[in-house]
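One-letter residues, chain by chain:
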Amino acid sequence: MTTTPWRDPALPAAARVDDLLARMTLEEKTAQLYGVWVGAATDGDGVAPLQREMTSEYDWDELITRGLGQLTRSFGTAPVDPELGAQALARAQRRIAAAGRFGIPAVAHEECLAGFTAWGATAYPVPLAWGASFDPELVEEMARHIGADLRAAGVHQGLAPVLDVVRDPRWGRVEETIGEDPYLVGTIGTAYVRGLESAGVVATLKHFAGYASSVGARNLAPVRAGVREFADVTLPPFEMALREGGARSVMAAYNETDGVPASADPRLLTELLRDDWQFTGTVVADYFGIGFLETLHRVAGSPAQAAHVALEAGIDVELPTLKCYGKPLVEAVRAGEIPESLVDRAARRVLLQKAELGLLDEDWSPEPTGRIDLDSTANRALARQLAEESVVLLDNPDGLLPLTSDARIAVVGPRAADALAMLGCYSFPSHVGTHHPEVPMGIEIPTVLESLRAELPDAKVTFAEGCDVSGPDTSGFEEAVARAAEADVCVAVLGDRAGLFGRGTSGEGCDVADLQLPGVQADLLDALVSTGVPVVLVLLTGRPYALGRWHGRLGAVVQAFFPGEEGGPAVAGVLSGRVNPSGRLPVSVPHMPGGQPWTYLQPPLGLADEVSSLDPTPLYPFGHGRSYTTFEWEPAGSRELERELEIDTDGSYDLPLTVRNTGDRTGTEIVQLYLHDPVASVTRPDVRLIGYQRLELGPGEATRVTFHFHADLSAFTDRSGRRVVEPGVLELRLGVSSAEVRHTTRLTLTGPVRVVGAERRLRCEVGLGE
């Protein structure tokens, strides 16, 4: 029988938490505000920035007598069998509950950027590949599976998705992002949140906010984004994921913006997030982010001061382990230097979330139920589908692809026969497994070479590596060129090696000076092209690379962004023709490698002009991708899409379109809706995405798609900092990419300037068959 109100699940969570807080000591309240990272390395290479320097020693048995807020990465720190890991986590939770006066377990969190970062778990395509799919429904289903695996293992919180919008593709963490457009990032990221939260796992939005806008694309570098860039590019994906996705946690970013670290910014973490957006969940620190206020940002002179600044700003939980919110915080509160009310505020949010998760209930049990299979057949099928949908056919000018079934094929390149070529830096094999070379990978990952041989059993396939990913050695060129010269076609498989903090060519801390292919791969490609044998370039990368050097010289170009454990068969399927490519670029591909960190969201002065000798126009624009079939677009009813119309600044308009597959095989078209604002009170991007729809059609099949445009979608931040809808002319452009427009509708918005806020529409709804 329940004897205390805080244990009674029939009572409102707020009443339970108020009762519990009144019973807790200061030490017990602060214990709910930090995590502990059991087994974190204090020497050698880490998996978090400055891990060795920032990890403190503690007495576990003594520590948990006060309770514990979070357990950090029980599965994602070292290789552990999933079932044994779940049992070990359950034992740890029982010890935590037994040691404290209140028997409250910890929230267990894990990384889940491209799948549960655990040994033996499915390695899905990276988020940049999700963006290339333009398929939020499939991403939501993937996240639901990830969430189910996390819950089965005893994990409550996932540190994903990343909602940073790419501003400079030289940044190492581009692979972790969804793309360079806030609408694409917002809709795909929100779908991931819905999937994870539907499984009962707390989704954590990263990195709030501005992290991807660092100067010079350097990790943790200062951000000097203007007010409007921050409001109109950086923040919208987070707002959508909170309002529509229901994310219950937000991670404060490492960066500073205009001199103010995000972790010390109450305007961001309290006024905007909680007062304006009405967020009620928890704000967690990025790993060691509170300590960095002292050691890196130098806006605090001690761990206690860092704790004060962070608590006041609105960070509730210190991750990954205690440094500032432990003893330094307690002593500062006792000394009257930090108000205890700040501790109470954060502890209340943490305990409310624990109540939601059932961790305050008397019948709570940490025991895993049933067999744990983190790489199930269903998971692999989802990984395969997403990988196939994300492969982008950039070019196929003479129809070299699909390959003929009996061709002589020379497969060349350092990414062709390496399973790790499929994985981003937050997959377990790349993130943790490289530190344990004696341990098997834990999952099956077919390479492109293996997959192509399986896909085309009658073809004669030879192989030469040619060179390393990033090394200077060219001694393998001779064999590679010889193999290519003997073949009917050469498939050059080039790209990145994911890693951390300079141990890869892509990934966290692996920023680059320019967008040239790593190492001597560009020279290898030149040598292969010089044979005169048609070359199909296959890129397995975490960012776009400049390809203008080979434009018009290649037989075909295929781009895959770290497509996961089923990426080899997906790429081979595109090469063979079994898969009709349907991916579209979530980031632009540049002409030249140096000096043009560019995304498509440019105002007029960011576009090519006659006053500069540098042309930033991309080789392949955002949204671009080709297919093995053809499509015809027909405006519904005469030329309705071409005529000028009027709606008021709170009005709406429907854009109908019929799309027909005019080819001889099933294929997918992605219709994209862009907004062009010819005249505004501040400069605006020339075009920006405001809607899209995937359409899979059989040969000769047609469907009608209707975009329900509302004037709210034209809103932007004006000179005074208000978000407004202005009267005036707009162009709604339906296209197959940001640069290739098929139909244009001119709308005139009439009436007064309208100020919009949290109630505004964030997405363009789409109807099929209407």
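Residues numbered from 1 in each chain as written. Predicted model: local features only at pLDDT ≥ 70, side-chain atom pairs only at ≥ 80, totals over all residues. Heavy atoms only, no water.

Draft legend 1. The arrangement of the environment of proline 544 in detail. Within the fold, proline 544 resides in the loop between strand E14 (535-541) and strand E15 (556-561). With 248 residues separating them along the chain, proline 544 and leucine 296 place their C-alpha atoms 30 Å apart. Ignoring any residue separated from it by four or fewer positions in sequence, one finds proline 544 in contact with Pro169, Val174, Leu515, Phe561, Val587, Ser588, Val589 and Pro590. (Helix = DSSP H or I, 4+ residues; strand = E, 2+ residues; numbered from the N terminus. Contact = heavy atoms within 4.5 Å.)

Draft legend 2. Quick peek at the environment of valine 491. On the secondary structure map, valine 491 appears in strand E13 (residues 489-495). In the structure, valine 491 is positioned 44 residues away from valine 535 in sequence and 5.8 Å away in space, judged by C-alpha atoms. With residues up to four places along the chain from it excluded, the contact list for valine 491 reads Leu403, Ile409, Ala410, Val411, Val412, Val536, Val538 and Leu575.

Draft legend 3. Looking closely at unusual backbone geometry. With an omega of 10°, the peptide bond between alanine 160 and proline 161 qualifies as cis. Locating proline 161 in the fold gives a position in the loop between strand E4 (157-159) and helix H8 (182-198). In this structure, arginine 73 takes a positive phi of about 50° despite not being glycine. Mapped onto the elements, arginine 73 comes out in the loop between strand E2 (70-72) and helix H5 (82-99).

Draft legend 4. Looking closely at the sheet that holds E4. Taken in spatial order, the 7 strands make up an open sheet running E1-E2-E3-E4-E5-E6-E9, and their pairing is parallel. Here the strands that pair on one side only, and so sit at the sheet edges, are strand E1 (35-36) and strand E9 (282-285). The sheet contact formed by E1 and E2 spans 2 bridges and is parallel. When the bridges of E2 are listed, valine 36 appears paired with leucine 71. Of the strands in this sheet, E2 and strand E3 (107-111) touch H5, which is tilted by about 150° from E2. (Pairing = 2+ DSSP bridges. Axes fitted to C-alpha atoms, helices over the stretch in contact; angles between N-to-C directions.)

Draft legend 5. Inspection of helix H13 (residues 303-313) at higher detail. Among the residues making up H13, those that are buried are Ala304, Ala306, Ala307, Ala310, Leu311 and Ala313. If you follow the buried residues of H13, they end up packed against helix H11 (266-276), helix H12 (289-295), helix H14 (327-334) and helix H15 (340-356). One or two positions beyond H13, positive phi appears at glycine 314, with a value near 130°. (Buried < 20%, exposed > 50% of the residue type's maximum accessible area, 1.4 Å probe, protein only.)

Draft legend 6. How the structure looks around the pairing of E9. Neither face of E9 is open: one carries Thr282 and Val284, the other Val283 and Ala285, and all of them are buried. Where strand E6 (residues 249-252) and E9 come together, 4 bridges link them in parallel fashion. If you follow serine 249 over to E9, its bridge partner there is threonine 282.

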